[in-house]
Amino acid sequence: MSQTADKQPVLAADGTPLKQALDAALFRNRMRAFMLVLPLLLFLFVTFIIPIGIFLSFGIHDPVFSKFMPKTSAVLSDWDTTSEPTEDMYAALVADMVVARKDKTIGRAATRVNRELSGTRSLFTSSARKAAKLEAPFKESLVAVKKQWADPEVWKAMKVASRSWTLGYYANALDYKQVADGSFEPQPENRQIHVPLLVKTLWISLQVTLYCLILGYPIAYLMSNLPARTSNLLMILVLLPFWTSILVRTTAWIAMLQSQGVLNDLFVLFGVTDDDNRYSMIYNKLGTLIAMTHILLPFMVLPLYSVMRGIPPSYVRAAKSMGATNWTAFSRIYAPQTIPGIGAGAILVFIVAIGYYITPALVGGQDGQMISNVIAFHMKSSLNWSLAAALGGVLLVVVMTLYWIYDRVVGIDNMKLG
Amino acid sequence: MSLPIYAGWGERLWYYTFRVICGLIFLFLITPIIIVIPLSFNVEPYFSFTSGMLSLDPDAFSLRWYKDIFTNGMANPDATTGWWADSWNNAQWLRSMRNSFFIGICATIISTSIGTLAAVGLSRSEMPYKNQIMALLISPMIVPLVITAAGAFKAFSMLGLAYTYTGLILAHAVLGTPFVIITVTATLVGFDQSLVRAAQSMGATPFRTFFKVQMPLILPGVISGALFAFITSFDEVVVVIQLAAAEQRTIPRQMFSGIREQISPTILAVATILVMISIALLATLEMIRRRSERLRGLSPS
């Protein structure tokens with residue numbers, strides 16, 4: 001190539017440098033592909049990602065107390081939590097209580113403080129009723145109404161509640177407690193419920209995954225080694241449960257397992273147990289385990305089957321021809337090749353199991369409840385959305401970590417259905 | 001995997017034991033689904049077989065729970081005129097069935113159309129940040145439903161969409177899109193991109209190329225994605241619990257409260273109908289699979 005040609009850029013037909021024209025064309029192509037995905041991305045943002053963000057924000061933002069008790073919150077932010085509460089603080093509290101009682105918001109503010117120190121709800125509501133008639137000095141008059149007002153613990157609880165941006169709920173979700181000066185300390189032993197709950201959820205999910213693997217591996221192996229016609233027929237037995245409503249399957253398990261159910265009737269008939277000692281197999285952890293294993297088994301069988309189908313039978317034959325026993329050929333040659341399928345199935349089952357709600361809610365009884373059930377309880381019954389959001393945040397972190405591992409190990413584009 | 005003639009007795013024993021074990025696992029899979037069918041014809045209000053049913057006494061069977069589907073909640077079940085209209089408008093199960101189909105079909109249309117479009121974009125080699133975007137688009141399938149439901153409830157309340165059909169349809173459409181993406185991208189893996197270029201070189205507009213060239217070839221994937229999206233919505237209950245008023249109750253929601261509150265074999269009758277629906281969907285899917293195998297020139301298996 002000559003010296004001049006090196007300096008002169010190659011030009012496209014319209015006179016622009018070729019590199020630039022090519023870049024522009026590639027960019028246009030990329031944009032065109034991106035435009036096809038854009039509607040779904042926007043849809044997902046509006047109806048899925050932003051809503052979840054809003055929900056999770058409740059876990060760190062709870063403005064109830066500072067909104068309804070603004071004066072108290074203002075003076076509390078200057079309080080050092082160790083000195084005696086001042087007359088100013090009492091005056092602000094009484095002024096807020098008068099307004100909150102009139103606006104009927106005192107109950108909500110009281111509920112917020114009650115979460116930090118139980119027993120304070122009635123203290124607030126009953127004192128607020130008399131607040132309008134109180135006169136200065138407010139400290140004496142308020143303590144005269146309820147002597148608990150002299151207790152610095154009540155004020156510390158209010159100080160914690162008055163922070164509208166707080167990590168207190170996440171601390172609670174991990175069995176810690178935020179104290180008035182902003183530091184964290186472990187919850188008392190008898191109130192540590194959330195970490196054991198998370199551990200129980202993980203343990204149930206792990207057991208379900210293991211049972212699915214134990215039950216799924218043999219049938220996936222059988223189906224992948226049978227002629228296509230037979231294995232397709234057997235596949236129907238796997239796919240029919242997969243396509244049947246979870247509610248139907250849960251109902252079916254109630255009919256099977258309850259004390260007057262099909263299995264217990266059979267046990268009585270065959271003399272395994274007598275009529276008065278029927279087994280309780282449902283409305284407890286056992287019921288959750290059986291029903292969830294049944295529901296999630298197809299998620300294990302399908303990836304295993306698709307991996308096993310791709311393993312050439314000649315490898316095992318070669319091993320045997322060189323003198324390997326059946327067991328050696330299976331454990332040293334066949335089984336290692338199925339590990340991608342085991343990984344894909346196990347992670348998928350584990351991810352789905354961890355967030356399970358319906359089956360534990362219906363057949364779990366007391367000890368079969370999982371973290372999703374407790375989240376739902378806080379949203380619907382105790383109306384503590386902030387704690388629900390913090391627990392949800394913890395659950396989401398666990399699930400997203402597993403999802404990331406799944407992407408690393410299996411790859412999302414390798415996910416197959418049916 | 002037939003037994004070779006030189007197999008020893010140990011091998012024979014294991015061969016048959018293994019088949020028996022597999023048989024038991026298949027039994028575990030299918031029994032609960034089959035068992036609801038005879039139980040739904042029980043004349044007694046129990047979830048178990050009566051001695052009359054076991055001895056096949058015709059009096060022990062009845063259709064009363066199927067009748068209950070049509071009459072439960074009616075204003076006047078004994079009326080002679082306007083019975084069907086009354087049933088159609090007031091029977092709880094029929095209403096929830098209508099809701100389920102309405103919400104399911106609308107959600108399926110939304111998720112299939114934008115999901116297919118996105119899958120076509122994702123399978124182009126020029127697509128930037130393909131893996132990250134794919135991971136994002138599949139996430140509605142992974143995120144626990146309780147969290148999705150809570151988010152939808154909070155956000156839709158702000159927009160005034162909580163307790164409306166629109167809110168439910170949008171929430172269900174989101175849940176269906178991952179399935180459409182997965183099935184359609186799977187069909188697009190074998191798609192020959194030069195067909196698109198050929199069409200364009202002959203002057204077809206992108207619109208025409210998509211509908212006349214690409215769409216017919218990926219149709220099986222689109223249909224099975226749509227079926228998955230439909231069954232997802234049809235079977236979904238967690239979001240419905242959070243987002244629906246009594247008026248928008250779907251079948252799973254009705255079953256959920258039925259199991260919790262007043263357990264009656266009507267649930268088993270509904271379950272039987274749902275099993276029939278899933279058999280029909282499964283058969284459709286299998287037909288599509290065979291057809292596409294035939295079209296691709298593979299021998300049907």
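Residue indices begin from 1 for each chain and proceed along its sequence in written order. Chain A is the first chain written and ligand 1 is the first ligand written, with later ones labelled in order. Confidence filtering applies because this is a predicted model: local features only for residues at pLDDT of at least 70, side-chain atom pairs given and counted only at 80 or more, and all residues used for totals across whole chains, interfaces and linings. Only hydrogens and water are removed before side-chain values are computed, so all heavy atoms of the structure are retained for them.

**Brief notes about a positive patch on the surface**
Taken together, the side chains of Arg 101, Lys 104, Arg 129, Lys 130, Lys 133, Lys 146 and Lys 147 of chain A make up a positively charged region of the molecular surface. Only DSSP runs of H or I reaching four residues or more are called helices, and only runs of E reaching two or more are called strands; each is numbered from the N terminus. Inspection of the secondary structure puts Arg 101 of chain A in helix H5 (residues 87-102). Patch membership requires over 30% relative accessible area and the absence of a salt bridge. Like charges are linked within 9 Å, and nonpolar side chains (Val, Leu, Ile, Met, Phe, Trp, Tyr) within 5 Å. Per-residue and other accessible areas were derived by the Shrake-Rupley procedure at a 1.4 Å probe size, with only the shown protein chains allowed to occlude residues. The salt bridge definition used is simple: a Lys or Arg side-chain nitrogen within 4 Å of an Asp or Glu carboxyl oxygen. In this tally, Asp and Glu contribute negative charge and Lys and Arg positive charge; neither His nor the terminal groups of the chain are included. Every charge is mapped to an atom, namely NZ of Lys, CZ of Arg, CG of Asp or CD of Glu.

**With respect to the pattern of salt bridges**
Residues and elements named next belong to chain A. Under the defined criterion, the tally for this structure stands at eight salt bridges over all chains. Between Arg 112 and Asp 62 there is a salt bridge; the shortest N-O distance is 3.0 Å. In this pair, Arg 112 sits in helix H6 (residues 106-116) while Asp 62 sits in the loop between helix H2 (18-57) and helix H3 (64-68), placing the two residues 50 residues apart along the sequence. By the burial criterion, Arg 112 is buried, and Asp 62 matches it. Across the pair Lys 156 and Glu 153 runs a salt bridge, and its minimum N-O distance is 3.7 Å. Here Glu 153 and Lys 156 lie together in helix H9 (residues 152-162), a separation of three residues that amounts to about one turn. Exposed residues in this analysis have more than 50% of their type's maximum accessible area, buried residues have under 20%, and partly exposed residues fall in between, with area computed by a 1.4 Å probe over protein chains only.

**What about the nonpolar core?**
Counting residues in hydrophobic clusters, the biggest one holds 173 residues, and the most contacted among them are Trp 243, Leu 296 and Tyr 357 of chain A together with Leu 137, Met 255 and Phe 256 of chain B. A per-element tally of this core places helix H21 (residues 385-409) of chain A first, with 13 residues. When neighbours within four sequence positions are excluded, Leu 137 of chain B is seen to be in contact with Val 37, Leu 40, Leu 41 and Leu 44 of chain A together with Ala 118, Leu 122, Pro 178 and Ile 181 of chain B. Membership of the second largest hydrophobic core comes to 29 residues, among which are Val 64, Leu 93, Ala 100 and Val 113 of chain A. Nonpolar core, defined: a set of buried Ala, Val, Leu, Ile, Met, Phe, Trp, Tyr and Cys residues in which side-chain atoms within 4.5 Å join the residues together. Residue contacts follow a heavy-atom distance rule, with two residues in contact if any of their heavy atoms lie within 4.5 Å.

**Describing the packing of aromatic side chains**
A ring pair, where both rings are aromatic, is described by two values, the distance of the centres and the angle of the planes. By convention, a stacked pair of Phe, Tyr or Trp rings (six-membered ring in the case of Trp) has centres within 6.5 Å and planes under 30 degrees apart, an edge-to-face pair has planes over 60 apart, and any other such pair is tilted. In the structure shown here, the tally under the stated rule is 29 aromatic pairs over all chains. Between the aromatic rings of Trp 253 of chain A and Phe 28 of chain B, the centroid separation amounts to 5.5 Å while the plane-to-plane angle is 45 degrees, which identifies the pairing as tilted. One end of the pair, Trp 253 of chain A, is in helix H13 (residues 246-257); the other, Phe 28 of chain B, is in helix H1 (residues 9-39), on a second chain. Residue classification places Trp 253 of chain A among the buried residues on the basis of a relative accessible area of 3%. Considering the side-chain rings of Phe 102 of chain B and Tyr 165 of chain B, the 5.6 Å spacing of their centres and the 80 degrees angle between planes classify their relative orientation as edge-to-face. Here Tyr 165 of chain B lies in helix H8 (residues 165-188) and Phe 102 of chain B lies in helix H5 (residues 92-122), a separation of 63 residues in the sequence. Since its relative accessible area comes to 24%, Tyr 165 of chain B is described here as partly exposed. Grouped by ring-pair contacts, the aromatic residues Tyr 217, Tyr 221, Trp 327, Phe 330 and Tyr 334 of chain A together with Trp 14 and Phe 18 of chain B constitute a single cluster. Charge over a ring is defined by NZ of Lys or CZ of Arg lying within 6 Å of the ring centre and within 35 degrees of the ring normal. Its guanidinium or amino end placed over the ring of Trp 385 of chain A, Lys 154 of chain B lies 4.2 Å from that ring's centre, counting from NZ or CZ.

**Thoughts on the packing of helix H12 (residues 251-260) of chain B against helix H13 (residues 266-295) of chain B**
All names here are of chain B. Lines are fitted to the C-alpha atoms to define the axes, a helix being fitted only along its stretch in contact, and any angle between axes, read from their N-to-C directions, falls within 0 to 180 degrees. Where H12 meets H13, the closest approach of the two axes is 11 Å, and the angle between their N-to-C directions is 150 degrees. Put simply, H12 runs roughly antiparallel to H13. The hand of the H12/H13 crossing is left-handed. On H13, the residues touching Ile 251, Met 255, Gly 258 and Ile 259 of H12 are Ile 267, Val 270, Ala 271 and Leu 274. Of the residues contributing to the contact of H12 with H13, the split by class is seven nonpolar, one polar and no charged. Oblique is the label for any angle not covered by the other classes, which are roughly parallel (under 35 degrees), roughly antiparallel (over 145) and roughly perpendicular (65 to 115). When the near helix sits turned anticlockwise from the far one by under a right angle, the crossing is termed left-handed; a clockwise turn instead gives a right-handed crossing. Only Asp, Glu, Lys and Arg are considered charged, only Ala, Val, Leu, Ile, Met, Phe, Trp, Tyr, Cys and Pro nonpolar, and every remaining residue, Gly among them, polar.

**Looking at unusual backbone geometry**
Residues and elements named next belong to chain A. The backbone of Lys 104 shows a phi angle near 60 degrees, a positive value even though the residue is not glycine. Along the chain, Lys 104 turns up in the loop between H5 and H6. Not every positive phi belongs to a glycine, and Asp 175 is a case in point at roughly 65 degrees. Here Asp 175 is to be found in the loop between helix H10 (168-173) and strand S1 (176-178).

**Examining the interface of chain A and chain B**
In this assembly, 84 residues from chain A lie in contact with 89 residues from chain B. The interface formed by chain A and chain B contains zero salt bridges. Polar contacts, as counted here, are pairs of nitrogen or oxygen atoms within 3.5 Å of one another; within protein the pair requires one atom able to donate a hydrogen and one able to accept it, and residues that are adjacent in sequence qualify only if both atoms are side-chain atoms. Here chain A is connected to chain B by seven residue pairs in polar contact (both at pLDDT 80 or more). A total of 20 residues in the side of chain A that touches chain B trace back to one element, the largest contributor, which is H2 of chain A. The residue inventory of the side of chain A that touches chain B, partitioned by class, reads 62 nonpolar, 15 polar and seven charged.

**Section: the domain arrangement of chain A**
Note: domain ranges come from an automatic or database domain assignment. When its domains are assigned, chain A resolves into domain 1 (3-57), domain 2 (64-166) and domain 3 (194-414). Inter-centroid distance (C-alpha atoms) of domain 1 of chain A to domain 2 of chain A is 57 Å.

**Concerning the side chain of Ser 96 of chain B**
With respect to the helices and strands, Ser 96 of chain B occurs in helix H5. In this structure Ser 96 of chain B touches Arg 249, Thr 250, Ile 251 and Gln 254 of chain B, once residues within four positions along its chain are discounted.

**A closer look at the domain arrangement of chain B**
What the domain assignment reports for chain B is domain 1 (9-64) and domain 2 (92-263). Each of domain 1 of chain B and domain 2 of chain B has a C-alpha centre, and the two are 35 Å apart.

**Focus: H5 of chain A**
Residue and element names in this part refer to chain A. A helix is expected to span 1.5 Å for every residue after the first. With 16 residues, H5 extends 23 Å from end C-alpha to end C-alpha; this agrees with the ideal 22 Å at 1.5 Å per step. For H5, the set of buried residues is Met 89, Tyr 90, Ala 92, Leu 93, Val 94, Asp 96, Met 97 and Ala 100. Structurally, H5 contributes buried residues whose contacts are with H3, helix H4 (70-78), H6, helix H7 (120-131), helix H8 (138-145) and H9. With its phi angle positive at about 60 degrees, Lys 104 sits one or two positions after the end of H5.

**Quick word on the environment of Ala 21 of chain A**
Structurally, the position occupied by Ala 21 of chain A is in helix H2. Aside from chain neighbours lying at most four places away, what touches Ala 21 of chain A is Ala 12 and Thr 16 of chain A.

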